[in-house]
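So the chains spell out like this:
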Amino acid sequence: MSSRLNRRDFVRTGAAAAGLGLTSRVDGAPAIRQARPRPVVIASTNGHTRTHDGTESCVVRAFRLMTGGTDVLEALIAGVNIVELDPKDTSVGYGGLPNADGVVQLDSCCMHGPKKRAGGVAALEGVRTPSKVAYAVLQNTDHHLLVGAGAQTFARQMGFTVEADLNTETSRRLWLEWKRRLDPDHFLDPEKRADAAFEAGRSMVRDGLIDPAHYFGTINCNGVNTRGDVCGVTTTSGLAWKIPGRVGDSPILGAGLYVDGEVGAAGSTGRGEANLYGLCSYLIVEQLRQGKAPKDAGMEALRRVRANTIEKRLLDPKGTGNPRFGLNFYVVNKAGEFAGVSMYESDYAVCTENGPEIRKTESLIAGREPQW
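Residues numbered from 1 in each chain as written. Predicted model: local features only at pLDDT ≥ 70, side-chain atom pairs only at ≥ 80, totals over all residues. Heavy atoms only, no water.

Caption draft 1: Broad picture of the sheet that holds strand 12 (residues 338–342). Here we have five strands laid out as an open sheet, ordered 9-10-11-12-15, and mixed in their pairing. Strands with a single pairing partner mark the edges of an open sheet, and in this sheet they are strand 9 (257–260) and strand 15 (362–363). Across five bridges, strand 11 (residues 327–333) lies against strand 12 in antiparallel orientation. When the sheet's bridge partners are listed, Val331 is paired in strand 12 with Ala339. On the sheet, helix 10 (residues 280–289) packs against strand 9, strand 10 (264–270) and strand 11 and is oriented at approximately 150 degrees with respect to strand 10. (Pairing = 2+ DSSP bridges. Helix = DSSP H or I, 4+ residues; strand = E, 2+ residues; numbered from the N terminus. Contact = heavy atoms within 4.5 Å. Axes fitted to C-alpha atoms, helices over the stretch in contact; angles between N-to-C directions.)

What follows is the structure in C-alpha cells.
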C-alpha cells in the first residue's frame, strides 16, 4: 500500500491550518465552539494505491493541497492526475485498457460546487490527463460535454499534448490476448459476438491477467474543505474492449459524478450502464438534500440499481436474483461526513486530518461480487 503521512505532518500541514472549530467570547462569557465542516477527500481504492510519481497518493495530494488553500477542484484534479499518468493502472488515463479496435478512449467530468459549473469530455483520444481537459471545458466554454474528435481538437487548442497512441506495452499486449481469445475469424451474429467478447474478457480476469476492478475502470475523487466548498472529479479509460465510441457513466453529470455546492457530492466506479440508467449520483445528492446520511443515501441508489436489474445475463448465475456486477459510490456531504458504499464487499480510500487510509465499504449484499 502507498506510504502514509503521519498524524504530526497532517496536523501541521492540514488540520491545524484548516481549523476544525472556532472559539469566541462575548462580554466575558465562556468560549463557545462553533462547528465547521470537517475537511475530507474520498476516492475509489486506487486513490491510495498509486504513487507512481513520488510518495503521495491521490487522496494525500488532494488533501494536502486543499487544506493548504488550493481550490478544492484543482486539488482533486491534481490528485487524480497521479492515477491518470500511472502506466501500471490499466483502468485510467495513460495505459488504460483500449476499446475493441485497440484505441484508448478516455472519459472524465468535474463539477465545482461553489461556482456551480461543470465540464466533461468523452471518447477523448491522445491526452493522458482527461480530467484536465474536462476542467478546461469548465473554465473556457459554455458547454458541459465535448466528445470524440471535437474534444481532441479542443484539447489541442488549449495547449495539451495530443499523442498518436496512449497504449503501453502492457495494455497493447492484453488487447492482443483478448483478440486472440475472441477469435474474430468466426462471423457471429451481433448478440453472440457481444457475448463472446464479454466472455473473452471475463476469462482474462479469471486467469489473473486483468484486475477485476480494472475491467470496468475509473477513479472518482470528491472533497470538501473547512469552508464547506464541495467539488468532485471522475476519470476513466472506460470498459475494457468496449465498442468504439461507447461512453459509460463517468463523464455524464448526474451519473458518474454529481455535485451540489449546497449539499454534497457523489461519484461512482463499476458497471457504468447500470449507473447511467438510474442517474444514481444525482439521486444520492438529492437524498442528501432530504437529510439522509451519506451511507443511507448511497444505499438507496444501490437498491434502485438492484431492482432495475432484471435481464438474465446481468444476474448472478447462482440464481440469487442479485446483480452479477459490482458498483461503488463515494459520497460526502457539505459537513464533511462521508461514506463508501457498494453492491458487494469492496474498499475505498479516504483522507482526513488523521491521514489517509483504505476502508471497507458498506455493502448492500454480503460477500464478494459473483465470480467471473
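Caption draft 2: Fine view of unusual backbone geometry. Even without being glycine, Ala123 reaches a positive phi, approximately 50 degrees. Residue Leu279 is not a glycine yet carries a positive backbone phi of 45 degrees. By secondary structure assignment, the location of Leu279 is in the loop between helix 9 (272–278) and helix 10.

Caption draft 3: Quick peek at the packing of helix 10 against helix 11 (residues 294–308). Orientation of helix 10 relative to helix 11, taken along the N-to-C sense of each, is 140 degrees, at an axis distance of 8 Å. Here helix 10 is positioned oblique relative to helix 11, judged by the angle of their axes. Handedness of the helix 10/helix 11 crossing: right-handed. Of the residues in helix 11, those in contact with Cys280, Leu283, Ile284, Gln287 and Leu288 of helix 10 are Pro294, Ala297, Gly298, Glu300, Ala301, Arg304 and Val305. (Parallel < 35°, antiparallel > 145°, perpendicular 65-115°, else oblique. Left-handed = near helix turned anticlockwise from the far one by under 90°.)

Caption draft 4: Fine view of the nonpolar core. Within the largest apolar cluster, 40 residues are counted, with the highest numbers of intra-cluster contacts made by Leu302 and Phe329. With residues near it in sequence (within four places) discarded, Phe329 still touches Gly267, Ser268, Asn275, Cys280, Ile284, Gly298, Ala301, Leu302, Ala339, Gly340 and Val341. (Core = buried A, V, L, I, M, F, W, Y, C linked by side-chain atoms within 4.5 Å. Buried < 20%, exposed > 50% of the residue type's maximum accessible area, 1.4 Å probe, protein only.)

Caption draft 5: How the structure looks around the pattern of salt bridges. Under the defined criterion, the tally for this structure stands at 17 salt bridges. Between Arg61 and Glu56 there is a salt bridge; the shortest N-O distance is 3.2 Å. For Glu56, a relative accessible area of 13% translates into the label buried. Across the salt bridge formed by Glu163 and Arg128, the nearest N and O atoms sit 2.6 Å from each other. In this pair, Glu163 sits in the loop between helix 5 (148–157) and helix 6 (169–182) while Arg128 sits in the loop between strand 5 (117–124) and helix 4 (130–140), placing the two residues 35 residues apart along the sequence. (Salt bridge = Lys/Arg side-chain N within 4 Å of Asp/Glu carboxyl O.)

Caption draft 6: Structural view of the sheet that holds strand 7 (residues 219–224). Strand order in the open sheet formed by eight strands is 6-5-4-8-7-3-13-14, with mixed pairing between adjacent strands. Here the strands that pair on one side only, and so sit at the sheet edges, are strand 6 (145–147) and strand 14 (355–360). For this sheet, the mean angle separating the axes of adjacent strands, direction not counted, is 10 degrees. Summarising the sheet, strand 7 and strand 8 (residues 230–236) pair through six bridges and their orientation is antiparallel. Opposite Asn220, over in strand 8, you have Thr234 as the bridge partner. Contacts between helix 2 (residues 58–67) and the sheet are confined to strand 3 (40–44), strand 7, strand 13 (347–352) and strand 14, with strand 3 contributing the most and set at about 155 degrees to the helix.

These values are about where atoms sit, not about what they do.
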